[in-house]
Amino acid sequence: MLSYLLAIAIITLIYLLLSFGLSLQYGSVGLINFGHVGFFAIGAYTSALLALSGVPLFASFCAAALAAGLTAWPIGLISLRLRDDYFAIVTLGFSETVRIIIVSEKWLTNGVQGVPGIPRLFSSLPVGFEAQLATAGLLLAVCALAALAMWRIIKSPFGRIIQAIRDNEDALKALGKDPARFKIQVLMLSSALAGLAGAFYAHYITFIIPEQFVPLVTFYVWMAIIIGGVGRISGAIVGTVLLMVFLEGSRFLRDFIPGVTEVEMASLRIGVIGLLLILFTLYRPQGIMGDYSKR
């Protein structure tokens, strides 16, 4: 039971890195990104393939973050001058393009067969509780550093500029600033976080396939930041934890509802999660950690 809870904690921390990145994009700048999972996939495959080639894990993790961040640069140049709804469509298309490339380029990614045998973190420790605990500790430290970096960014002059883009982009243009440049920088930074999360995911699971990087992952992260409170570090943390409680806790609904098959329970589980999200948006649109003085 303890190993199971620790495994859930590790996945929660990986999703927290994704939530930090998406919260920075939408909460601070107002970017609606439906393709966050694409950068997650780039980080996972980059680190996995490099590690299998003999590259040290520290270097492969850095390469994963760098590859995801650099990939965001041309996406930003092309699409950030579009309206927000068009940008959302472009990013969704980008994530699906990444997945199709992974499936198609079998010589590199092994296609739908996936990449097995990825070196795990702390391979010097025996497989089991100790290795999981060390991985969780490392992830916790990385998430704490990411949270600190986000807080410093938000409180800095750069943070005030990107929040001004969110609040009134036209006014910022009138002051002679170029919003597109700042948007690209935020997109690259948050994409690098997603790439780092992908690297942790690949080396924890040790086997990746394209179907692990579907758009549903992005929408799970959206659910987390909406539930917790958009644009708040505490909101990303609380929302991600609650999302995992919903996702994992709903697996046990079948124990309390007799006569329901596993297939029916899967649909019911998604329905329960969707209902909870609807209730949050109706009765707590600011999120749990949002401003209680507003509605």
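See above for the structure.
Heads up: these notes are all about the structure in this document. Please read all numbers here as calculations on a predicted model, not as lab measurements.

Along the chain, the position of Gly-229 falls in the loop between α10 (215-228) and α11 (233-249). As for Gly-229 and Trp-107, which are separated by 122 residues in sequence, their C-alpha atoms are 43 Å apart. Leaving out residues up to four positions away in the same chain, Gly-229 has contacts with Gly-235, Ala-236, Gln-286, Gly-287 and Ile-288.

In a soluble, globular protein the nonpolar side chains are often hidden away together inside. Ranked by size, the top nonpolar core spans 78 residues in total, and within it Ile-14, Leu-17, Phe-20, Phe-40, Phe-200, Ile-208 and Phe-213 carry the most contacts. A per-element tally of this core places helix α1 (residues 2-29) first, with 13 residues. Among all residues touching Leu-17, those that are not within four sequence positions of it are Leu-139, Val-142, Cys-143, Ala-146, Leu-193, Ala-197 and Phe-200.

Turning next to the pattern of salt bridges. Two side chains of opposite charge can pair, provided their charged atoms sit close to one another. Across all of its chains, the model carries two salt bridges by this definition. Taking the shortest distance from any N to any O, the salt bridge between Glu-96 and Arg-99 comes out at 2.8 Å. Remark: Arg-99 and Glu-96 occur in helix α4 (residues 84-104); sequence separation between them is three residues, near one turn of the helix. Look at Arg-99 and you get buried, because its relative accessible area is 18%.

With that out of the way, let us pick up the environment of Gly-235. Assignment of secondary structure puts Gly-235 in helix α11. The spacing of Gly-235 and Ile-288 is 53 residues in sequence and 6.9 Å in space, taken between C-alpha atoms.

A separate point is a nonpolar patch on the surface. A contiguous nonpolar patch, built from Leu-2, Tyr-4, Leu-5, Phe-129, Leu-133, Phe-252, Phe-256, Ile-257 and Leu-268 and spanning about 850 Å² of accessible area, is present on the exposed surface. Among the secondary structure elements, those contributing two or more residues to the nonpolar patch are α1 and α6 (129-155). Tracing the chain through its elements places Leu-268 in helix α12 (residues 262-283).

End to end, α6 covers 39 Å across 27 residues, agreeing with the expected 39 Å (1.5 Å per residue, within 8%). As for α6, its buried residues are in contact with α1, α7 (157-167), α9 (179-205) and α11.

Even without glycine at this site, Asn-110 takes up a positive phi of about 70°. Topologically, Asn-110 is positioned in the loop between α5 (106-109) and α6. Of note in the backbone geometry, Thr-206 takes a positive phi value of approximately 65° without being a glycine.

This part takes up the packing of α10 against α12. α12 packs onto α10 with a crossing angle of 35° between their chain directions and a minimal axis gap of 10 Å. Crossing of α10 over α12 shows left-handed handedness. Seen from α10, the contacting residues are Met-223, Ile-226 and Ile-227; seen from α12, they are Ile-273, Leu-277, Phe-280 and Thr-281. Of the residues assigned to the contact of α10 with α12, the class counts are six nonpolar, one polar and no charged.

Moving on, we come to the environment of Arg-152. Examined against the element boundaries, Arg-152 turns out to sit in helix α6. Assessed through its relative accessible area of 57%, Arg-152 is described here as exposed.

Attention now goes to the packing of aromatic side chains. With the rule as written, the count across this model stands at ten aromatic pairs. For the pair Phe-34 and Trp-222, a centre-to-centre distance of 5.9 Å together with 75° between the ring planes defines the contact as edge-to-face. A residue pair is termed long-range when its members are at least 10 positions apart, and Phe-34 in the loop between α1 and α2 (36-52) and Trp-222 in helix α10 qualify at 188 residues. Ring centres 4.9 Å apart and planes at 85° place the aromatic pair Phe-61 and Phe-200 in the edge-to-face group. With Phe-61 in helix α3 (residues 57-79) and Phe-200 in helix α9, this pair connects stretches of sequence that are 139 residues apart. For the residue pair Phe-61 and Phe-200, the accessibility class agrees, reading buried in each case. A network of ring pairs unites the aromatic residues Tyr-26, Phe-34, Phe-219 and Trp-222 as a single cluster. Its end group placed over the ring of Phe-182, Arg-181 keeps NZ or CZ at 4.5 Å from the ring centre.

Conventions we followed
- Residues numbered from 1 in each chain as written.
- Predicted model: local features only at pLDDT ≥ 70, side-chain atom pairs only at ≥ 80, totals over all residues.
- Heavy atoms only, no water.
- Helix = DSSP H or I, 4+ residues; strand = E, 2+ residues; numbered from the N terminus.
- Contact = heavy atoms within 4.5 Å.
- Core = buried A, V, L, I, M, F, W, Y, C linked by side-chain atoms within 4.5 Å.
- Buried < 20%, exposed > 50% of the residue type's maximum accessible area, 1.4 Å probe, protein only.
- Salt bridge = Lys/Arg side-chain N within 4 Å of Asp/Glu carboxyl O.
- Patch = residues over 30% accessible without salt bridge, like charges linked within 9 Å, V, L, I, M, F, W, Y side chains within 5 Å.
- Areas by Shrake-Rupley, 256 points an atom, 1.4 Å probe, with all protein chains shown as cover.
- Expected span 1.5 Å × (residues − 1).
- Axes fitted to C-alpha atoms, helices over the stretch in contact; angles between N-to-C directions.
- Left-handed = near helix turned anticlockwise from the far one by under 90°.
- Nonpolar A, V, L, I, M, F, W, Y, C, P; charged D, E, K, R; others polar.
- Phe/Tyr/Trp six-rings, centres within 6.5 Å; stacked < 30°, edge-to-face > 60°.
- Lys NZ or Arg CZ within 6 Å of the ring centre and 35° of its normal.

Remember, this is a structural readout, not a statement about activity or role.
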